[in-house]
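Residues per chain are reported as follows:
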Amino acid sequence: MFVAFDRQLRERGYLPMGGQIVDATLVAAPKQRNTVPEKEAIKAGTSAAEIWPDQPAKAAQKDTDARRTLKFAKGRPLPGGKPGIDIASPSFGHKSSIAICRRYGFIRRGKVTDGARFDGRMLRDVVTTDNTASDVWADTAYRSRSNEAWLKSIGRVSRVHRKKPKGKPMPAGTARANAAKSTVRARIEHVFARQKDQMGMFIRTIGIARAETKITLANLAYNIDRLILHERRAAMG
């Protein structure tokens, strides 16, 4: 359904244009109250039926595909220029990685994984080669030598944020370049805000297959809503 709708977008003239913006967000799921041995078994890939063989009803309610991770928020600078304290909050669920086109803001490709999957590893799963512009924007989690080399190999131009040198202040030129990239990259945050705040995206199903279905349908619903916005603007002149 998602692919079919994207094909209809193209037929109506909404081609992927202006480059693409990549990011990921954690989609929360009900926390699992498991013991330490049970957690270790889940990490080892043991199925729920094998972990709770004598409790089939309990096993049916256990999501062994979702994962726990820490979500970090950078602390604001303190008076005097001192760095603020970063905040780490534990989260549990699945991760939604997407790429949107800069021109129209449609989600062009998505990938659903467990919540502990590193964002940078998903770049190759969501970046497309059919965008009329070669630029790719993303935050520092996506910057690595392998990702930079891969983007170059497929004819894409990296606009990925540069990381701060370890133990050194951020060079002024790099800070200005990152700030300029942020004005473009920030657009993808509106997508996640729309899905979570207004669409109430939350995983209540069991297993990654159902989670992928729900998140993909949420991506489709977002694109439909986005199409209505563009069509309404066109009708109003």
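Everything numeric here is computed off the predicted structure, so don't read it as measured data. (Residues numbered from 1 in each chain as written. Predicted model: local features only at pLDDT ≥ 70, side-chain atom pairs only at ≥ 80, totals over all residues. Heavy atoms only, no water.)

A. Just the overall build of the protein chain, in detail. Helix and strand counts for the protein chain stand at nine helices and six strands. By principal-axis analysis of the C-alpha atoms, the protein chain measures approximately 60 × 50 × 35 Å. Of all 237 residues assigned to the protein chain, the portion counted as buried reaches 39%. Within the protein chain, counting contacts between residues at least 6 apart in sequence, those at least 24 apart form 63% of the total. Accessible surface computed for the protein chain: about 13900 Å², of which carbon and sulfur atoms make up 54%. Here the protein chain holds 46 positive side-chain charges and 22 negative ones, and the gap between their average locations is 7 Å. (Helix = DSSP H or I, 4+ residues; strand = E, 2+ residues; numbered from the N terminus. Buried < 20%, exposed > 50% of the residue type's maximum accessible area, 1.4 Å probe, protein only. Contact = heavy atoms within 4.5 Å. Areas by Shrake-Rupley, 256 points an atom, 1.4 Å probe, with all protein chains shown as cover. Lys, Arg positive; Asp, Glu negative; His and termini not counted. Charge placed at Lys NZ, Arg CZ, Asp CG, Glu CD.)

B. Just helix 2 (residues 36-43), in detail. When we look at burial in helix 2, the residues that qualify are Glu-38, Ala-41 and Ile-42. The buried residues of helix 2 occupy one face: seen down the axis, they fall within an arc of 100 degrees. Turned more than 90 degrees away from the buried face of helix 2, the exposed residues are Val-36, Pro-37 and Lys-43. The positive-phi residue at the C-terminal boundary of helix 2 is Gly-45, with phi of around 95 degrees. (Arc of directions from axis to C-beta.)

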